[in-house]
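Take a look at the letters that make up each chain.
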Amino acid sequence: MSNATPQLYASLSVALGGGIGALARYQMGRFVTSWLGAPAVSAFPFATLAVNTIGSLLMGLLAGWLVRGNPENADQLRLLLGVGLLGGFTTFSAFSLEMAYMMQRGQLGLAAIYLMLSIGLGVSGFFFGITMTRLFS
């Protein structure tokens, strides 16, 4: 096996996970819009808040599991699931765009709420995920 082979597998893992994560993010946006309705989703970025909160929770679960479970293929799983899937699923760029739109529209209070919820729920979700792996391992 050449030195390029592990790098190729790593890149393919990230690409596969990223594609699945991006598709899941798109489908979550469709689901949230269908559930809450287009007017609600246009007024507040519920879909991005949902994917970033869920993604943070899943990242906490993954990190806790990789550390505690110490699976044989931990680095490959980290690349596939953490960097790829969750990297493709969560989206800081969409968060930044939505913050800018709210600020440009003069919705500073709503932007502040979105900022606090995004950070608070994201970090809380991550720590909840880590805690869950500690409790159940």
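Residues numbered from 1 in each chain as written. Predicted model: local features only at pLDDT ≥ 70, side-chain atom pairs only at ≥ 80, totals over all residues. Heavy atoms only, no water.

1. Focus on the UniProt feature "binding site: Na(+)" (unreviewed entry) in the protein chain
Going by this rule: UniProt positions are given in the numbering used here, feature names are shortened, and annotations may be inferred rather than shown by experiment. For helices the rule is a DSSP run of H or I covering at least 4 residues; for strands it is a run of E covering at least 2, with both sets numbered from the N terminus onward. Only protein chains enter the accessibility calculation, which uses a 1.4 Å probe. A residue is then buried if its area is under 20% of the maximum for its type, exposed if over 50%, and partly exposed in between. For this analysis, residues touch if any pair of their heavy atoms sits within 4.5 Å.
As annotated in UniProt, the feature "binding site: Na(+)" (unreviewed entry) corresponds to Gly 87 and Thr 90 in the numbering used here. By secondary structure assignment, the location of Gly 87 is in helix H4 (residues 74-89). A relative accessible area of 39% places Gly 87 in the partly exposed class. If you trace the backbone, Thr 90 turns up in the loop between H4 and helix H5 (92-104). The exposure class of Thr 90 is partly exposed, given its relative accessible area of 23%. Residues within four places of Thr 90 in sequence aside, it is in contact with Arg 25, Val 51, Asn 52 and Gly 55.

2. Quick look at the nonpolar core
For clarity, the cut-off: Put simply, a nonpolar core is a bunch of buried Ala, Val, Leu, Ile, Met, Phe, Trp, Tyr and Cys residues held in one set by side-chain atoms that sit within 4.5 Å of each other.
Grouped together as the largest cluster of nonpolar side chains are 7 residues: Phe 44, Leu 49, Phe 95, Met 99, Met 102, Ala 111 and Tyr 114. Among the elements of the structure, H5 and helix H6 (108-135) are those that each provide at least two residues to this core. At 3 residues, H5 tops the list of elements feeding residues into this core. Sequence-distant contacts of Phe 44, that is, excluding residues within four places in its chain, are made with Leu 49, Leu 110, Tyr 114 and Leu 117.

3. Some details on the environment of Leu 86
Its location among the elements puts Leu 86 in helix H4. Put simply, Leu 86 and Ala 43 are 43 residues apart on the chain and 26 Å apart in space, counted from C-alpha to C-alpha. Ignoring anything within four residues of it in the chain, the contact list for Leu 86 reads Gly 55, Leu 58, Met 59, Leu 62 and Leu 81.

4. Looking at the packing of aromatic side chains
Aromatic ring pairs are described here by two measures, namely the spacing of the ring centres and the angle between the planes. To be explicit about the condition: Pairing of aromatic rings covers Phe, Tyr and Trp, the last through its six-membered ring, and needs centres within 6.5 Å; plane angles under 30 degrees mean stacked, over 60 mean edge-to-face, and all others mean tilted.
According to the stated counting rule, one finds 6 aromatic pairs in the structure shown. On the numbers, 5.2 Å between centres and 50 degrees between planes, the contact of Phe 95 with Tyr 114 is tilted. Note that Phe 95 is positioned in helix H5 and Tyr 114 in helix H6, a separation of 19 residues in sequence. Among the residues examined, Phe 95 registers a relative accessible area of 8% and is labelled buried. Residue class for Tyr 114 comes out buried when judged on its relative accessible area of 0%. For the ring pair Phe 126 and Phe 127, a centre distance of 5.7 Å and an interplane angle of 80 degrees mean the geometry is edge-to-face. Residue classification places Phe 126 among the partly exposed positions, given a relative accessible area of 28%. One aromatic cluster is present, built from ring pairs that chain together Phe 44, Phe 46, Phe 92, Phe 95 and Tyr 114.

5. Digging into a nonpolar patch on the surface
Rules: Each patch is built from residues that are more than 30% exposed by relative accessible area and take part in no salt bridge. Like charges join if they lie within 9 Å; nonpolar side chains (Val, Leu, Ile, Met, Phe, Trp, Tyr) join within 5 Å. With residues, only the protein chains shown are counted as cover, and all accessible areas are computed by Shrake-Rupley using a 1.4 Å probe. In what follows, salt bridge is the name for a side-chain nitrogen of Lys or Arg lying within 4 Å of a carboxyl oxygen of Asp or Glu.
Where nonpolar side chains cluster on the molecular surface, the patch consists of Phe 31, Trp 35, Leu 36 and Phe 46 and spans about 450 Å² of accessible area. If one sorts the elements of the nonpolar patch by residue count, helix H1 (residues 4-36) sits on top with 3 residues. Within the secondary structure, Trp 35 sits in helix H1.

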